[in-house]
Amino acid sequence: MLLIASSGGHLAQLLALRSWWEPLDRSWATFDTPDVVSQLEGEKIDFVRHPTTRNVPNLLRNTVIAWRLLQTRRPDLIVSTGAGSAIPFFLFAKVLGIPSAYIEVYDRITSRTVTGRICRPLSSAFCIQWDDQSALYPGAHVIGPLL
């Protein structure tokens, strides 16, 4: 399994699922920042470029990283809480037939995130954490708050 998250709250939400992913063979695609390195100590990590918010050069760099990583690792599943670094991974997962699950962040209840809008049609499963988010993402799976 490949877990993808930017640092901060996105990573915290995936870490909240530790009891689910810990017994599985996994690797991470995330930022090379002190908080990430300390929180994922001992984990297999491939670093992606940041910042990703409206940064076209880093989007292109992450696209190359995503393609190479998915070709070499061929994960059985991709899971992400965002943010922008997830987009090229979900695009290539769709092309390569790799199942993917996107979990929309818990703090966006009245508006959709850019990454959520882009990854939803690319995802095998799209999950939300609040019932109120159903109005933004009809048909999404409500999994409840992670934090």
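Before reading further, recall that the structure is shown in the block above.
Residues numbered from 1 in each chain as written. Predicted model: local features only at pLDDT ≥ 70, side-chain atom pairs only at ≥ 80, totals over all residues. Heavy atoms only, no water.

This paragraph deals with helix H5 (residues 86-96). Considered for burial, the residues of H5 that qualify are Ala86, Ile87, Pro88, Phe89, Phe90, Phe92 and Ala93. On its buried face, H5 sits against strand E1 (2-5), strand E2 (27-30), helix H4 (56-73), strand E4 (78-82), strand E5 (100-103) and helix H6 (114-119). (Buried < 20%, exposed > 50% of the residue type's maximum accessible area, 1.4 Å probe, protein only. Helix = DSSP H or I, 4+ residues; strand = E, 2+ residues; numbered from the N terminus. Contact = heavy atoms within 4.5 Å.)

Let us look at the side chain of serine 100. Of note, serine 100 is situated in strand E5. We classify serine 100 as buried; its relative accessible area is 1%. Apart from residues lying up to four places away in sequence, serine 100 is in contact with Leu77, Ile78, Phe90, Ala93, Leu122, Ser123, Ser124 and Ala125.

Moving on, we get to the side chain of serine 27. Turning to its location among the elements, serine 27 is positioned in strand E2. Separated by 3.2 Å, the side chains of serine 27 and arginine 73 make a polar contact. Ignoring sequence-local partners within four residues, the contact set of serine 27 consists of Met1, Leu2, Leu3, Lys44 and Arg73. (Polar contact = N/O pair within 3.5 Å; in protein donor to acceptor, adjacent residues only side chain to side chain.)

So, on to the pattern of salt bridges. Evaluation of the coordinates by the stated rule reveals three salt bridges. Where glutamate 43 meets arginine 26, a salt bridge forms, and the shortest distance between an N and an O atom there is 2.7 Å. With glutamate 43 in the loop between helix H3 (34-39) and strand E3 (45-47) and arginine 26 in the loop between helix H2 (18-21) and E2, the pair connects residues that are 17 residues apart, well separated along the chain. Look at glutamate 43 and you get buried, because its relative accessible area is 18%. Since its relative accessible area comes to 16%, arginine 26 is described here as buried. Arginine 73 is the partner of aspartate 46 in a salt bridge, and the nearest nitrogen-oxygen pair spans 2.4 Å. Of this pair, aspartate 46 sits in strand E3 while arginine 73 sits in helix H4, placing them 27 residues apart in sequence. What makes arginine 73 partly exposed here is its relative accessible area of 35%. (Salt bridge = Lys/Arg side-chain N within 4 Å of Asp/Glu carboxyl O.)

Over its 18 residues, H4 extends 25 Å from the first C-alpha to the last, a length consistent with the 26 Å expected when each residue adds 1.5 Å. The complete set of buried residues in H4 reads Asn58, Asn62, Ala66, Leu69 and Leu70. Down the axis of H4, the buried side of the element spans an arc of 95°, and every buried residue falls inside it. Turned more than 90 degrees off the buried face of H4, the exposed positions are Val56, Leu60, Arg68 and Thr72. Contacts from the buried residues of H4 go to E1, E2, E3, E4 and H5. You can read the cap of H4 off the contacts: a side-chain oxygen lies 2.9 Å from the backbone nitrogen of asparagine 58, and it is on asparagine 55. Positive phi appears at arginine 74, one or two residues downstream of H4, with a value of about 45°. (Expected span 1.5 Å × (residues − 1). Arc of directions from axis to C-beta.)

On the surface, a cluster of positive charge is made up of Arg54, Arg108, Arg112 and Arg117. When its relative accessible area of 31% is taken as the criterion, arginine 108 is described as partly exposed. (Patch = residues over 30% accessible without salt bridge, like charges linked within 9 Å, V, L, I, M, F, W, Y side chains within 5 Å. Areas by Shrake-Rupley, 256 points an atom, 1.4 Å probe, with all protein chains shown as cover. Lys, Arg positive; Asp, Glu negative; His and termini not counted. Charge placed at Lys NZ, Arg CZ, Asp CG, Glu CD.)

Function-wise, these values are silent; they only describe arrangement.
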